[in-house]
Amino acid sequence: MSTTRPCPPPGDPGPGADGAASSGAPSPDGPPSYARSEPGSPPGGGARRLRLVGVSGAVPMSRDFTRQALYDWGWLPAAGADHRAAAEDVLLVVSELVTNACLHADGPEELRVSCAGKVLRLEVVDLGAGTPAPRTPHRAGRPGGHGMFIVQRLCLDWGVVRNESGAGKTVWAELAAPG
């Protein structure tokens, strides 16, 4: 986990973003809506939210939601191998963060995805009390326990912010845009 710089508060997409958020809440009649960036969003950027309380299939739903954002923000379709790898890294990190919330924190409440300039930020909100950390020492040949190691390796930075109410936390991670 990073200790090199202060973490923006949960929901703050960081410097340079407009902070606008689009609802990706599941409708009572079907799957979540894949909202477009708000008017005035920076080119190739914006912010989105997906409510995950009580949904089944939170991991694939989160990947699909994030994939649609990557298309809308111009990360996909990939222009080359580097762009494709960057998009795949984002989808892998989303999978790991949401899976950890499902396995260790009584499920995720919300996924937030934002893009500002050359940085994409992922946030997963949950009500869990634990603090995720890469297992030390990391043993590549053993099953399980690789999620936060993967996040640490693929991301520019990541961290945990406790909810002010005392219940739960937001796990955030930032990845570099391709190019």
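Before reading further, recall that the structure is shown in the block above.
A brief structural summary. (Residues numbered from 1 in each chain as written. Predicted model: local features only at pLDDT ≥ 70, side-chain atom pairs only at ≥ 80, totals over all residues. Heavy atoms only, no water.)

### Let's talk about the side chain of asparagine 100
Logical step 1: Secondary-structure assignment places asparagine 100 in helix H2 (residues 81-104).
Logical step 2: A relative accessible area of 18% places asparagine 100 in the buried class.
Logical step 3: Contact partners of asparagine 100, with chain neighbours within four places excluded, come to Ala105 and Met148. (Helix = DSSP H or I, 4+ residues; strand = E, 2+ residues; numbered from the N terminus. Buried < 20%, exposed > 50% of the residue type's maximum accessible area, 1.4 Å probe, protein only. Contact = heavy atoms within 4.5 Å.)

### Re the pattern of salt bridges
Logical step 1: Taken as a whole and assessed by the stated rule, the structure comprises 8 salt bridges.
Logical step 2: Its salt-bridge partner being aspartate 64, residue arginine 67 comes within 3.0 Å of it at the nearest N-O pair. In this pair, arginine 67 and aspartate 64 are both assigned in helix H1 (residues 58-72), 3 residues apart and thus about one turn of the helix distant.
Logical step 3: Among the residues examined, arginine 67 registers a relative accessible area of 28% and is labelled partly exposed.
Logical step 4: Among the ionic pairs, aspartate 126 bridges to lysine 169, the shortest N-O distance being 2.9 Å. Of this pair, aspartate 126 sits in strand S4 (residues 119-126) while lysine 169 is found in strand S6 (residues 169-176), placing the two residues 43 residues apart along the sequence.
Logical step 5: The exposure class assigned to lysine 169 is buried, which follows from its relative accessible area of 3%.
Logical step 6: Residues joined by salt bridges that share partners form a network here, namely Arg49, Glu110, Arg112, Arg121, Glu123 and Glu174. (Salt bridge = Lys/Arg side-chain N within 4 Å of Asp/Glu carboxyl O.)

### Details of the environment of glycine 147
Logical step 1: Here glycine 147 lies in helix H3 (residues 147-154).
Logical step 2: Accessibility expressed as a relative area gives 10% for glycine 147, which makes it buried.
Logical step 3: Sequence-wise, glycine 147 and leucine 92 are 55 residues apart; in three dimensions their C-alpha atoms are separated by 9.4 Å.

### Regarding the pairing of S4
Across a regular strand the side chains alternate sides, sitting on one face of the sheet and then on the other.
Logical step 1: Of all 8 residues in S4, 7 are buried; the element is thus mostly enclosed.
Logical step 2: Where strand S3 (residues 108-116) lies against S4, 8 bridges are found, and the strand directions are antiparallel. Each residue of the ladder has a partner; that of leucine 111, found in S4, is valine 124.
Logical step 3: Between S3 and S4, which pair antiparallel and follow one another directly, the connecting turn spans 2 residues, one of which, glycine 117, has a positive phi of 65°.
Logical step 4: Taken together, the 8 bridges between S4 and S6 define a ladder with antiparallel strand orientation. Considered in S6, the bridge of arginine 121 is made with glutamate 174. (Pairing = 2+ DSSP bridges.)

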